[in-house]
4 protein chains.
Amino acid sequence: MQVGLVGLGKMGFNMRARLRDAGHEVIGFDPRPEVSDVASLEDLAKALSSPRVVWVMVPSGTVTDQTIVSLAGILGPGDLVIDGGNSRYTEDQPHAKLLGDNGIAFVDAGVSGGVWGLTEGYGLMVGGADEDVARAMPIFDALRPPGPVEDGFVHVGPVGAGHFAKMVHNGVEYALMTAYAEGYEMLAAEDLVRDPQAVYQAWSNGTVVRSWLQQLLAKALREDPDLAQISGYTEDSGEGRWTVEEAIRLRVPVPSIAAALFARFLSRQEDSPTMKAVAALRNQFGGHAVKRVSESG
Amino acid sequence: MQVGLVGLGKMGFNMRARLRDAGHEVIGFDPRPEVSDVASLEDLAKALSSPRVVWVMVPSGTVTDQTIVSLAGILGPGDLVIDGGNSRYTEDQPHAKLLGDNGIAFVDAGVSGGVWGLTEGYGLMVGGADEDVARAMPIFDALRPPGPVEDGFVHVGPVGAGHFAKMVHNGVEYALMTAYAEGYEMLAAEDLVRDPQAVYQAWSNGTVVRSWLQQLLAKALREDPDLAQISGYTEDSGEGRWTVEEAIRLRVPVPSIAAALFARFLSRQEDSPTMKAVAALRNQFGGHAVKRVSESG
Amino acid sequence: MQVGLVGLGKMGFNMRARLRDAGHEVIGFDPRPEVSDVASLEDLAKALSSPRVVWVMVPSGTVTDQTIVSLAGILGPGDLVIDGGNSRYTEDQPHAKLLGDNGIAFVDAGVSGGVWGLTEGYGLMVGGADEDVARAMPIFDALRPPGPVEDGFVHVGPVGAGHFAKMVHNGVEYALMTAYAEGYEMLAAEDLVRDPQAVYQAWSNGTVVRSWLQQLLAKALREDPDLAQISGYTEDSGEGRWTVEEAIRLRVPVPSIAAALFARFLSRQEDSPTMKAVAALRNQFGGHAVKRVSESG
Amino acid sequence: MQVGLVGLGKMGFNMRARLRDAGHEVIGFDPRPEVSDVASLEDLAKALSSPRVVWVMVPSGTVTDQTIVSLAGILGPGDLVIDGGNSRYTEDQPHAKLLGDNGIAFVDAGVSGGVWGLTEGYGLMVGGADEDVARAMPIFDALRPPGPVEDGFVHVGPVGAGHFAKMVHNGVEYALMTAYAEGYEMLAAEDLVRDPQAVYQAWSNGTVVRSWLQQLLAKALREDPDLAQISGYTEDSGEGRWTVEEAIRLRVPVPSIAAALFARFLSRQEDSPTMKAVAALRNQFGGHAVKRVSESG
């Protein structure tokens, strides 16, 4: 089928390729002319036959907001917009309302898979009305991994449900990464262990902890056995933060996910104000030696 | 090759079957005559040709200690004992010493895979001298999953290294389980999500969080969608506790693994003394209503 | 000086008494006629001489919102409203704007002390313009504990700063309570310790951990040595949740505060869905016995 | 009364002064002749009248072990040894046994108070037989803070109980320090807050969080408002580690104490191996930019 694709960055670019490989007609728009198929959103709308399906794959927040507003003005009754970006699920209802006022349907799609999605397919978590999801199903089928549909695609619920599930996916992802990383640190700290990489590699089959992330850590350690070339400084996307915020709203205890999030915050601090205060307290009551800034290198 | 197998419980019973399927001659001993091939450890020793290889697969702690002591008296120079149970790695050196004083070699083997190992093979993490590991390699090859050897077997280091790696494996496993479980609780708490099971199922392909544990949780939720038949009361094996203790020794921060361990402790309390004290404090300073014991049940 | 006081609940009632003891003229309003000095907010406004000072001490959220809206219509230029309730600090600016549009000044005041404030005085954290804070200073001086002003009162910053500091105070309070409570649980679990109460009592002088909360826990344990009469079920006010949310916004790692918050969520669950999922996973991979719901109580 | 005091370091030196101020005859021994009253342990024993009381105040572990062994050979039936150092409580029974074989009684005393103990008195937690504790009571009375005995001294239980309670005290202390420190970091991060010091100072009276540690943090911030002169690098004594280990033995969940301990481990790492592994994983699956080591300095 025919689909418009707004945003041809790291994710959108690959998705256009995967959709075309599956035989779909994709017209892509991106502000960078060297990758774009058309010159503007208006041209994109004109190039598509009604009823149109437009997949939005741009940074969440302001850029997605602006794109939805523009599409609400450009598209028309019977068209369908799919937000495949990492929008916070609370933004989906307002977007659906805005588009709906113009007769345009809306579906939110959480997309997992990163740079591997091009070849392996993307895990898809989708929210929206049954008929809207059904209409976009050929697109979803092309993007998702091969195999049984229920193993790589889920219609989670009404509008917002897709991004909610994707948010939880990313929260779980944070905690899983930290779990594997703590295990790595222990193996690396113990003299008995010759090579942590070999252990992570050996966990590939038969073990309880085998997973894609386990394989990736084995791969990373093969490429850089001591992780000597990489800094612990780690960004966080919005989704980890949102997961903890939504957990608080839902009164769900998420110590693992929160710990993983806080560890990322900490990794970006030159020195921890919390620990400076702890060191200051120790100094006050115990006369414990503290490390002065001038000593700390 | 020929191997003696001491302990035919849930794990040992299946391992005998898998080894025999691979063409090895296994003579098993267990105190329960209905599963045992011989009547005693002494008979087991007699039934094996020298130099003998005996795999010990009994509960860690006292039972393993007693078995090793017995074997030290029954076996002789040139023989090899492999401890495949969940012994704490700190017990391996004493066991190796005791056996070594009688000329008997020792290898420790961490075995992962649970009830699935029979058909899929067991993930193996092994510690010991090169020549001893090499000698037992046909056994390891039969037990490990098919495929490249390095994907399901690792010679981690000297005696103790195998059980150390297995201990870390289990610590990581604890944290992974909690991560997936927190995600489940969030999905189950949010009205937008129709069916958490479908989400876990859909994470099987393409997503970052895909793993064996993810598949198992999808399976568990398929069998009992609200987990209505299962209590949160969760035992812990020694290995989770040891992982945190060893992390403390190594000065490795393991907040995720510790959180998972503490959550298990908490799950087994009728009411948390910590939270009783918190409630008592709230009552003291705020005149906050507290729930009296008579109201809580 | 003269002050209007809206809200004569657990806190406001005591504050009226303390202010009157200090020689101030307090006119209190509460919907419950048996405690109220006037029949309505309008009557309260009429009973006060201009420029008026009105202290609002009602539940945060909707009730505070409605009270501020009403006062914006009833009071006039030159008057001053102080919100002494537990409003989220993000609500202070909108309230200040609304009142300011009517020429009414606004100060936010975080108030700590609970039921003990009547006799010991209230810890006060205040936000607003210098002149507004100065104007209300006689009120603050009467409410705060005796002694140096800086030991029980702080003008934290502009509007919102008072409630922000109070929110952090409560977040810290959560973590402190959990810290003492964990210590209690350890003392109670160890057979060597005859009486945890005596230990908490003995921490009153000379130790590093001495504090008001330590004294309160000693008192609670004196009254109910095993906390047999109290359930661990613990409510949380908004402020603990807001603290973690604001920490996320500020990218400040707060593992202790978050752990204390999550422990409260958990204390209110009959059974933890997270732990049910962990138990289900254990069952799936290990054939571990799980506790069926029918067995658990 | 007369008492021998072994170890005149930071703690012992002050304790000698405090005991002498209270009218006791103290004979101190320390390997450093400039502070010692006698030349050797043997001379100390000779200088004391039988039955002798000897207070040991030396570093825990090897030095305490050696001192106890020496005293077991030098002292005799009817004498009493008090270990006031930070020994792990599990060492108390072996020490008591060794001394008891020579007819020497033993009491363990946990001592809190740091450099402030000289003037304010030391919080004391004591383990041992009733008659032994009674005998040393004049010493305890001189060392403990003035006021009711139960507010600064506790006979916790049999041998070991004193050090156990002191260990828990320090575990709680770790968690309290982290709680206050997290609050400081939040106040320092928020622009609305003019001066975190003033807030901590104002918590001195009337608030729920008032405590000695709160006062000390206010003092530390007064001396160095941005903690600019202090590094977050923080040592940990054995007692924090032991607390978590004993919690594991007792199956007591201590997330707050463990988090505080792990934060100290982390503060001493140049870069966190755990976070390097997390960053490496992000890089693997997402093509996320990572910070190369060359950029991070």
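Nothing here was measured: the structure is a model prediction, and the numbers come from that model.

(A) Just the interface of chain C and chain B, in detail. Listed per partner, the contact involves 56 residues of chain C and 56 residues of chain B. For the chain C and chain B pair, buried surface summed over both sides reaches about 4900 Å², with 64% attributable to carbon and sulfur atoms. At the boundary of chain C with chain B, the tally comes to zero salt bridges. Across the contact surface, chain C and chain B share 18 residue pairs in polar contact (both at pLDDT 80 or more). Counting residues per element, the ones that place at least two in the side of chain C that touches chain B are helix H8 (161–189), helix H10 (212–223), helix H12 (255–267) and helix H13 (273–286) of chain C. Among the elements that line the side of chain C that touches chain B, the one with the most residues is H13 of chain C, at 13 residues. Split by residue class, the side of chain C that touches chain B holds 26 nonpolar, 16 polar and 14 charged.

(B) Representation of the packing of helix H13 (residues 273–286) of chain B against H12 of chain C within the structure. Orientation of H13 of chain B relative to H12 of chain C, taken along the N-to-C sense of each, is 100°, at an axis distance of 11 Å. When the interaxial angle is binned, H13 of chain B and H12 of chain C end up roughly perpendicular. Where H13 of chain B abuts H12 of chain C, its residues Met 275, Val 278 and Arg 282 of chain B lie against Ala 263, Arg 264 and Ser 267 of chain C. Classifying every residue of the contact of H13 of chain B with H12 of chain C gives three nonpolar, one polar and two charged.

(C) Summary view of the interface of chain C and chain D. In this complex, chain C contributes 73 residues to the contact, which on the side of chain D involves 73 residues. Approximately 5900 Å² of surface area, both sides summed, lies buried where chain C meets chain D, with 68% of it carried by carbon and sulfur atoms. The largest share of the area that chain C buries against chain D comes from Met 186, Leu 192 and Val 208 of chain C, three residues that together contribute 13% of it. The interface formed by chain C and chain D includes six salt bridges. Ionic pairing is found between Arg 249 of chain D and Glu 190 of chain C, a salt bridge with its closest N-O pair at 2.8 Å. Summed over the shared surface of chain C and chain D, the number is 24 residue pairs in polar contact (both at pLDDT 80 or more). Looking at the side of chain C that touches chain D, its residues break down into 41 nonpolar, 20 polar and 12 charged.

(D) The arrangement of the pattern of salt bridges in detail. A full pass over the atoms with the stated rule returns 67 salt bridges over all chains. The salt bridge involving Lys 46 of chain B is made with Asp 43 of chain B; its shortest N-O contact spans 4.0 Å. Placement of both Lys 46 of chain B and Asp 43 of chain B in helix H2 (residues 41–47) is noted, with a separation of three residues, approximately one turn of the helix. Note on Lys 46 of chain B: relative accessible area 68%, which makes it exposed. Residue class for Asp 43 of chain B comes out partly exposed when judged on its relative accessible area of 29%. Here Arg 268 of chain D ties to Asp 236 of chain D by a salt bridge, and the two come within 2.9 Å at their closest N and O atoms.

(E) Spatial organisation of the side chain of Ser 211 of chain A. Take Ser 211 of chain A: it is sitting in the loop between helix H9 (196–202) and helix H10 (212–223). Separated by 2.7 Å, the side chains of Ser 211 of chain A and Tyr 180 of chain A make a polar contact. Aside from chain neighbours lying at most four places away, what touches Ser 211 of chain A is Tyr 180 of chain A together with Arg 210 and Ser 211 of chain B.

(F) Layout of helix H11 (residues 238–250) of chain A. With 13 residues, H11 of chain A should cover 18 Å at 1.5 Å per step; its first-to-last C-alpha distance of 18 Å lies within 8% of that length. Most of H11 of chain A sits inside the fold, with 12 of its 13 residues counted as buried. Of the residues making up H11 of chain A, those classed as buried are Gly 238, Glu 239, Gly 240, Arg 241, Trp 242, Thr 243, Val 244, Glu 245, Glu 246, Ala 247, Ile 248 and Leu 250 of chain A. Close packing links the buried residues of H11 of chain A with helix H8 (161–189) and helix H12 (255–267) of chain A, helix H8 (161–189) of chain B together with helix H11 (238–250) and H12 of chain C. Positive backbone phi, approximately 60°, marks Arg 251 of chain A, located one or two places after H11 of chain A.

(G) Focus on the environment of Met 275 of chain C. Within the element layout of this structure, Met 275 of chain C appears in helix H13. Along the sequence, Met 275 of chain C and Val 254 of chain C sit 21 residues apart, while their C-alpha atoms lie 24 Å from each other. Those residues in contact with Met 275 of chain C that lie beyond four places of it in its chain are Gly 232, Thr 234, Ala 263, Arg 264 and Ser 267 of chain B.

(H) The domain arrangement of chain A, seen in detail. Residue and element names in this part refer to chain A. Split by domain assignment, chain A resolves into domain 1 (2–157) and domain 2 (166–267). Put simply, the middle of domain 1 and the middle of domain 2, counted by C-alpha atoms, are 30 Å apart. Taken together, the 12 residues of domain 1 in the interface contact 10 residues of domain 2. Carbon and sulfur atoms supply 57% of the area buried between domain 1 and domain 2, which totals about 980 Å² over both sides. For domain 1, the biggest contributors to the area lost against domain 2 are Arg 88, Tyr 89 and Trp 116; these three give 53% of the whole. One salt bridge in this structure joins Glu 245 and Arg 88, with 2.7 Å as the shortest N-O distance.

(I) Highlighting unusual backbone geometry. Of note, the amide linkage connecting Ser 50 of chain C to Pro 51 of chain C takes the cis form, showing an omega dihedral of -10°. Following the sequence through the fold, Pro 51 of chain C ends up in the loop between helix H2 (41–47) and strand E3 (53–56). The phi torsion at Arg 251 of chain B lies on the positive side, around 60°, for a residue other than glycine. For Leu 227 of chain D, which is not a glycine, the phi torsion comes out positive at approximately 50°. With respect to the helices and strands, the residue Leu 227 of chain D is situated in the loop between helix H10 (212–223) and helix H11 (238–250). You can call Leu 227 of chain D buried: its relative accessible area is 1%.

(J) Here's a closer look at the sheet that holds strand E2 (residues 25–29) of chain D. Residues and elements named next belong to chain D. Pairing within the open sheet is mixed, and its seven strands lie in the order E2-E1-E3-E4-E5-E6-E7. A single partner strand is all that each edge strand has here, and the edge strands are E2 and strand E7 (153–157). Taking the axes of each pair of neighbouring strands and ignoring which way they run, one obtains an average angle of 25° across the sheet.

(K) The relation of the copies chain C and chain B, seen in detail. Rotating chain C by 180° and moving it 0.0 Å along the rotation axis overlays it on chain B with an RMSD of 0.0 Å. Taken together, these values place the two copies in the relation of a two-fold axis. Same-surface contact between copies: 100% of interface residues of chain C are shared with the interface of chain B.

(L) Local environment of the relation of the copies chain C and chain D. Overlaying chain C with chain D gives an RMSD of 0.0 Å, the required rotation being 180° about an axis along which the chain moves by 0.0 Å. An overlap of 100% is found between the interface residues of chain C and their copies at the interface of chain D, pointing to a shared contact surface.

(M) Looking closely at the sheet that holds strand E2 (residues 25–29) of chain B. Residues and elements named next belong to chain B. Spatial strand order, E2-E1-E3-E4-E5-E6-E7: seven strands in an open sheet with mixed pairing. Bordering the open sheet on either side are E2 and strand E7 (153–157), each of which pairs with just one other strand. Across the sheet, the mean angle from the axis of one strand to that of its neighbour is 25°, orientation sign disregarded. Of the pairings in the sheet, the one linking strand E5 (residues 105–112) to strand E6 (residues 123–127) comprises five bridges and is antiparallel in character. Looking at the pairing, Ala 109 lines up with Val 126 of E6. Running at roughly 145° to E5, helix H4 (residues 92–100) makes contact with strand E4 (80–83) and E5 of the sheet. Across the sheet, H8 is in contact with E4, E5, E6 and E7; its angle to E5 comes to roughly 15°.

What counts, and where the lines are drawn
- Residues numbered from 1 in each chain as written.
- Chains lettered and ligands numbered in written order.
- Predicted model: local features only at pLDDT ≥ 70, side-chain atom pairs only at ≥ 80, totals over all residues.
- Heavy atoms only, no water.
- Contact = heavy atoms within 4.5 Å.
- Buried area = accessible area lost by both parts, 1.4 Å probe.
- Salt bridge = Lys/Arg side-chain N within 4 Å of Asp/Glu carboxyl O.
- Polar contact = N/O pair within 3.5 Å; in protein donor to acceptor, adjacent residues only side chain to side chain.
- Helix = DSSP H or I, 4+ residues; strand = E, 2+ residues; numbered from the N terminus.
- Nonpolar A, V, L, I, M, F, W, Y, C, P; charged D, E, K, R; others polar.
- Axes fitted to C-alpha atoms, helices over the stretch in contact; angles between N-to-C directions.
- Parallel < 35°, antiparallel > 145°, perpendicular 65-115°, else oblique.
- Buried < 20%, exposed > 50% of the residue type's maximum accessible area, 1.4 Å probe, protein only.
- Expected span 1.5 Å × (residues − 1).
- Domains from an automatic or database assignment.
- Pairing = 2+ DSSP bridges.
- Least-squares fit on C-alpha atoms with pLDDT ≥ 70 in both.

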